[in-house]
Amino acid sequence: GFNSKATCMPTIVLCCLVQALVRTKRVAELVELTLAGTDSQKANAAVDLRDIAQRSADNQIAIAEAGGIKPLVMLCRDGTERQKYVAAGALREIASKNADNQGAIAWAGGIKPLVVLCRDGTERQKENAAGALRELAYKHAKNKEAINFAGGVRPLIVLCRDGTARQKEHAAGALQALAAWPGNSDNQKEINRAGGIKPLIALCRDGTARQKQNAAGALREIASKNVENQIAIARAGGIEPLVALSRDGNELQKENAVSALLELASDRPWIKAAIVWAGATEPLLRMAQSFDVALSGQKEKALGTLRHLAGTTDTTKALEWASTQL
């Protein structure tokens, strides 16, 4: 009998191959334009490469394999104002959750020009550069070290404090990525030393939804296994906004906030007491008693925080203790 699957499969494979060939040809043409086009063609080609990279991981790989990273780095460093802005955006998308491309951009010398744009660029250049640094730092220990070495921490803190809404959002996300494990210890110290804690607390309290989410995540990473930073966050007034997010925030804000409280509650008794005084017990207890599987991450962190606050490793005792605090 007629096998429709047997007939369709070769056709589907052929279509995929044709699409891949067309994509490869188009990417190669765009890369050539970033190298040898007019100023306008270079900028437009960078925009097209950014848009192509956004669509799929395969496209990110295709751009890297076509030699697209080096000319984009050159545009970030030496291009016109528009070329710098769009090239930084293209590098952000090419690096997104792609470890090979993160490493290739750093190897091509991309970190220093992005730090310079983050510090000295136009508003749009700063926004895209901060986003690119966030993607380069994400779970990439060597890039985190390189961004810190290139002086990237302080410009990101300035953007967190004084930037536009999108700059603040991207900068807080970049600081979160820089402070996260692995390779986080020096960056944690530098963020505190450079005055990064107060602007992040301000974003937790007064920021947009995404700023609050990213800032709470950054405070979580800055506090992780670092008693000096835990003390600095508590003394700078970080506990109350984190408790407020754990109570009233959206689900992502709550998870980041309760994770930050878990880190803060891990050592000093006076910080534990301050968390209780700030009203954390009720939202933590509510999370700990949730049966929603989708919120299991929140539940785990809330239980861990309650165990720290109760001074016990036993979950039942922690829940009993929390109920007496209400």
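Residues numbered from 1 in each chain as written. Predicted model: local features only at pLDDT ≥ 70, side-chain atom pairs only at ≥ 80, totals over all residues. Heavy atoms only, no water.

Before going further, it helps to examine the overall build of the chain. Across its full length, the chain carries 21 helices and 0 strands. Overall, the C-alpha framework of the chain stretches about 70 × 65 × 30 Å when taken along its three principal axes. Every one of the 326 residues in the chain was classed for burial, and the buried ones make up 52%. Pairs at least 24 residues apart make up 66% of the contacts formed inside the chain by residues separated by at least 6 positions. A total accessible area of about 15500 Å² is found for the chain, and carbon and sulfur atoms account for 54% of it. (Helix = DSSP H or I, 4+ residues; strand = E, 2+ residues; numbered from the N terminus. Buried < 20%, exposed > 50% of the residue type's maximum accessible area, 1.4 Å probe, protein only. Contact = heavy atoms within 4.5 Å. Areas by Shrake-Rupley, 256 points an atom, 1.4 Å probe, with all protein chains shown as cover.)

Glancing now at the nonpolar core. Grouped burial of nonpolar side chains is what soluble globular proteins tend to show. Counting 90 residues, the largest nonpolar core has Leu156, Leu175, Leu200, Leu242, Leu264 and Ile275 as the members making the most contacts within it. No other element matches the 8 residues that helix α5 (residues 81-95) contributes to this core. Those residues in contact with Leu200 that lie beyond four places of it in its chain are Cys160, Ala172, Leu175, Ala215, Ala218, Leu219 and Ile222. (Core = buried A, V, L, I, M, F, W, Y, C linked by side-chain atoms within 4.5 Å.)

Under the 1.5 Å per step criterion, the end-to-end length of helix α8 (residues 123-137) is 21 Å for 15 residues, consistent within 8% with the ideal 21 Å. Of all 15 residues that make up α8, 13 are buried, and the element is covered over most of its length. Just beyond α8, the residue with positive phi is Lys139, at close to 55°. (Expected span 1.5 Å × (residues − 1).)

Now for unusual backbone geometry. Although it is not a glycine, Lys97 adopts a positive phi angle of roughly 55°. Here Lys97 is to be found in the loop between α5 and α6 (99-107). Under the relative-accessibility criterion, Lys97 is labelled exposed at 63%. You will see that Lys225, though not glycine, has its phi angle at about 55°, which is positive. Along the chain, the position of Lys225 falls in the loop between α14 (209-223) and α15 (227-235).

Each pair of aromatic rings is reported with the distance of its centres and the angle of its planes. Under the defined criterion, the tally for this structure stands at 0 aromatic pairs. Here the basic side chain of Lys97 rests over the ring of Tyr138, its NZ or CZ set 5.4 Å away from the ring centre. (Phe/Tyr/Trp six-rings, centres within 6.5 Å; stacked < 30°, edge-to-face > 60°. Lys NZ or Arg CZ within 6 Å of the ring centre and 35° of its normal.)

Turning to the pattern of salt bridges, a few remarks are in order. Any two side chains of opposite charge can pair if their charged atoms end up close together. A full pass over the atoms with the stated rule returns 18 salt bridges. A salt bridge links Lys25 to Glu29; its shortest N-O distance comes to 2.7 Å. Taken together, the residues Lys25 and Glu29, both in helix α1 (residues 4-36) and 4 residues apart, mark about one turn of the helix. Overall, the relative accessible area of 35% leaves Glu29 in the partly exposed class. The shortest N-O distance in the salt bridge between Glu190 and Arg154 comes to 3.6 Å. Remark: Arg154 occurs in helix α10 (residues 153-162) and Glu190 occurs in helix α12 (residues 185-193); sequence separation between them is 36 residues. Classification of Glu190 by relative accessible area gives buried; the value is 13%. (Salt bridge = Lys/Arg side-chain N within 4 Å of Asp/Glu carboxyl O.)

As a packed pair, α10 and helix α13 (residues 197-206) sit with axes 9 Å apart at the nearest point and diverge in direction by 35°. The hand of the α10/α13 crossing is left-handed. Facing α10, whose interface residues are Ile157, Cys160 and Arg161, α13 presents Pro199, Leu200 and Leu203. (Axes fitted to C-alpha atoms, helices over the stretch in contact; angles between N-to-C directions. Left-handed = near helix turned anticlockwise from the far one by under 90°.)

Don't take any of this as a statement about function, it's just geometry.
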